[in-house]
Amino acid sequence: GAVVSQHPSRVICKSGTSVKIECRSLDFQATTMFWYRQFPKQSLMLMATSNEGSKATYEQGVEKDKFLINHASLTLSTLTVTSAHPEDSSFYICSARDWGETQYFGPGTRLLVL
Amino acid sequence: AQSVTQLDSHVSVSEGTPVLLRCNYSSSYSPSLFWYVQHPNKGLQLLLKYTSAATLVKGINGFEAEFKKSETSFHLTKPSAHMSDAAEYFCVVSGNTGNQFYFGTGTSLTVIP
């Protein structure tokens with residue numbers, strides 16, 4: 001149980017385009033979902049926390065207009081990187097939490113912006 | 001405030017020998033603690049968690065960790081390393097509301113054949 005999927009696993013896009021990443025909890029209802037960014041050989045950096053049906057809470061320094069988060073249902077959250085630039089290239093990981101404290105992580109999405 | 005310190009950025013062991021990955025935490029309350037493993041270009045997989053029950057926690061793949069409040073430690077161990085254990089390991093402490101995770105900087109484990 002407690003499986004989280006992400007789609008796509010890898011995406012290459014041109015600078016200036018927008019990219020949407022989906023995060024789904026497959027076998028449980030996620031009251032809260034989290035979006036992280038991970039740079040090479042570093043730990044995870046929390047970008048934002050989203051609760052179903054409400055606006056996401058962004059961490060300091062994360063541009064909410066650039067990283068749009070939608071948590072439309074208890075099993076789906078999306079992260080849209082708008083007007084992507086090469087510096088947005090990174091590994092993006094989502095996690096989902098049920099009624100407990102444990103976060104279950106997706107497999108990650110590798111974004112490369114050319 | 002909560003924080004996590006993983007004392008070794010890199011650990012190297014021979015296959016079949018014990019593994020010890022060290023983690024110390026700081027918390028103003030009784031936290032929940034987790035160990036996750038991340039293989040290259042993959043997400044994080046939960047190895048085990050401590051949530052104020054038994055102090056010795058057994059996880060998957062033969063890993064276990066012991067919560068020592070007096071030492072504020074939560075070290076991860078495994079009696080015999082396998083090649084497939086080579087990965088990045090993260091120690092995590094939960095926030096006061098349980099909503100936020102505080103990550104250690106990670107320990108890269110290399111297993112030598």
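Peer 1: Could you give me a rundown of the overall build of chain B, with the residues and numbers involved?
Peer 2: Within chain B, the secondary structure is distributed over zero helices and 12 strands. Each helix and strand of chain B, ordered N terminal to C terminal, gives the series β-β-β-β-β-β-β-β-β-β-β-β. Expressed along its principal axes, the backbone C-alpha trace of chain B runs to roughly 40 × 30 × 20 Å. Per-residue burial for chain B yields a buried fraction of 43% across its 113 residues. Put simply, 56% of the contacts in chain B that link residues at least 6 apart link residues at least 24 apart. Counting every atom, chain B has about 5,300 Å² of accessible surface; 52% of that belongs to carbon and sulfur. Averaged over its 7 positive side-chain charges, chain B has a centre that lies 7 Å from the centre of its 7 negative ones.

Peer 1: Can you explain the nonpolar core? Please cite residues and give values.
Peer 2: The nonpolar side chains of a soluble globular protein tend to be buried, and buried together. All names here are of chain B. By size, the foremost hydrophobic cluster in this structure holds 26 residues, and its most contacted members are W35, L48, L76 and Y89. If you tally residues by element for this core, the top one is strand 10 (residues 87–94), at four residues. Among all residues touching L76, those that are not within four sequence positions of it are V19, L20, L21, W35, L47, L48, F63, E64, A65 and Y89.

Peer 1: Give a description of the state of the cysteines that names residues and reports values.
Peer 2: Any covalent bond linking the sulfur atoms of two cysteines counts as a disulfide. Scanning the model with the defined rule gives two disulfides over all chains in all. With its sulfur 2.0 Å from that of its partner, C23 of chain B forms a disulfide with C91 of chain B. The sign of the -65 degrees torsion about the S-S bond sets the C23 of chain B-C91 of chain B disulfide as left-handed. Placement of the pair is C23 of chain B in strand 4 (residues 23–26) and C91 of chain B in strand 10, with a sequence separation of 68 residues. C13 of chain A forms no disulfide, and the closest cysteine sulfur to it belongs to C94 of chain A, at a distance of 18 Å. The class of C13 of chain A is buried, set by a relative accessible area of 10%.

Peer 1: Please set out the interface of chain A and chain B residue by residue, giving values where relevant.
Peer 2: Across the contact, 21 residues belong to chain A and 21 residues belong to chain B. Taken over both partners, the interface formed by chain A and chain B buries close to 1,500 Å², and the fraction arising from carbon and sulfur atoms is 49%. At the boundary of chain A and chain B, one finds zero salt bridges. Across the chain A-chain B interface, the total number found is eight residue pairs in polar contact (both at pLDDT 80 or more). Those elements giving two or more residues to the side of chain A that touches chain B turn out to be strand 4 (32–38), strand 5 (44–51), strand 9 (90–97) and strand 10 (103–105) of chain A. Broken down by element, the residue count for the side of chain A that touches chain B peaks at four residues, all from strand 4 of chain A.

Peer 1: Kindly report on unusual backbone geometry, identifying the contributing residues and their values.
Peer 2: In this structure, the amide linkage connecting H7 of chain A to the following residue, P8 of chain A, adopts the cis form with an omega of 0 degrees. Relative to the assigned elements, P8 of chain A resides in the loop between strand 1 (4–7) and strand 2 (10–13). Although it is not a glycine, N61 of chain B adopts a positive phi angle of roughly 60 degrees.

Peer 1: So, the sheet that holds strand 3 (residues 19–25) of chain A: which residues are in play, and what are the values?
Peer 2: Residue and element names in this part refer to chain A. Strand order in this open sheet of four strands is 1-3-8-7, and the pairing throughout is antiparallel. Pairing within the sheet leaves two strands with one partner each, and these edge strands are strand 1 and strand 7 (67–73). Averaged over all neighbouring strand pairs, the angle between strand axes comes to 15 degrees, with direction disregarded.

Peer 1: If you had to explain the pairing of strand 3 of chain A to someone new, which residues and values would you point to?
Peer 2: All names here are of chain A. By the alternation rule, side chains of strand 3 split into V19, I21, C23 and S25, which are all buried, and K20, E22 and R24, of which none is buried. Alignment of strand 1 against strand 3, held across four bridges, turns out to be antiparallel. Directly across from Q6, in strand 3, lies its bridge partner C23. Two elements, strand 3 and strand 8 (residues 76–81), share six bridges in a ladder whose sense is antiparallel. Within strand 8, the position partnered with I21 by the bridge is L79.

Peer 1: So what about a nonpolar patch on the surface? Which residues, and what values?
Peer 2: Residue and element names in this part refer to chain A. Where nonpolar side chains cluster on the molecular surface, the patch consists of I12, L112 and L114 and spans about 310 Å² of accessible area. Secondary-structure assignment places L114 in the segment after strand 11 (109–113). Looking at L114, the relative accessible area reads 59%, which means it is exposed.

Calculation rules
- Residues numbered from 1 in each chain as written.
- Chains lettered and ligands numbered in written order.
- Predicted model: local features only at pLDDT ≥ 70, side-chain atom pairs only at ≥ 80, totals over all residues.
- Heavy atoms only, no water.
- Helix = DSSP H or I, 4+ residues; strand = E, 2+ residues; numbered from the N terminus.
- Buried < 20%, exposed > 50% of the residue type's maximum accessible area, 1.4 Å probe, protein only.
- Contact = heavy atoms within 4.5 Å.
- Areas by Shrake-Rupley, 256 points an atom, 1.4 Å probe, with all protein chains shown as cover.
- Lys, Arg positive; Asp, Glu negative; His and termini not counted.
- Charge placed at Lys NZ, Arg CZ, Asp CG, Glu CD.
- Core = buried A, V, L, I, M, F, W, Y, C linked by side-chain atoms within 4.5 Å.
- Disulfide = S-S within 2.5 Å.
- Buried area = accessible area lost by both parts, 1.4 Å probe.
- Salt bridge = Lys/Arg side-chain N within 4 Å of Asp/Glu carboxyl O.
- Polar contact = N/O pair within 3.5 Å; in protein donor to acceptor, adjacent residues only side chain to side chain.
- Pairing = 2+ DSSP bridges.
- Axes fitted to C-alpha atoms, helices over the stretch in contact; angles between N-to-C directions.
- Patch = residues over 30% accessible without salt bridge, like charges linked within 9 Å, V, L, I, M, F, W, Y side chains within 5 Å.

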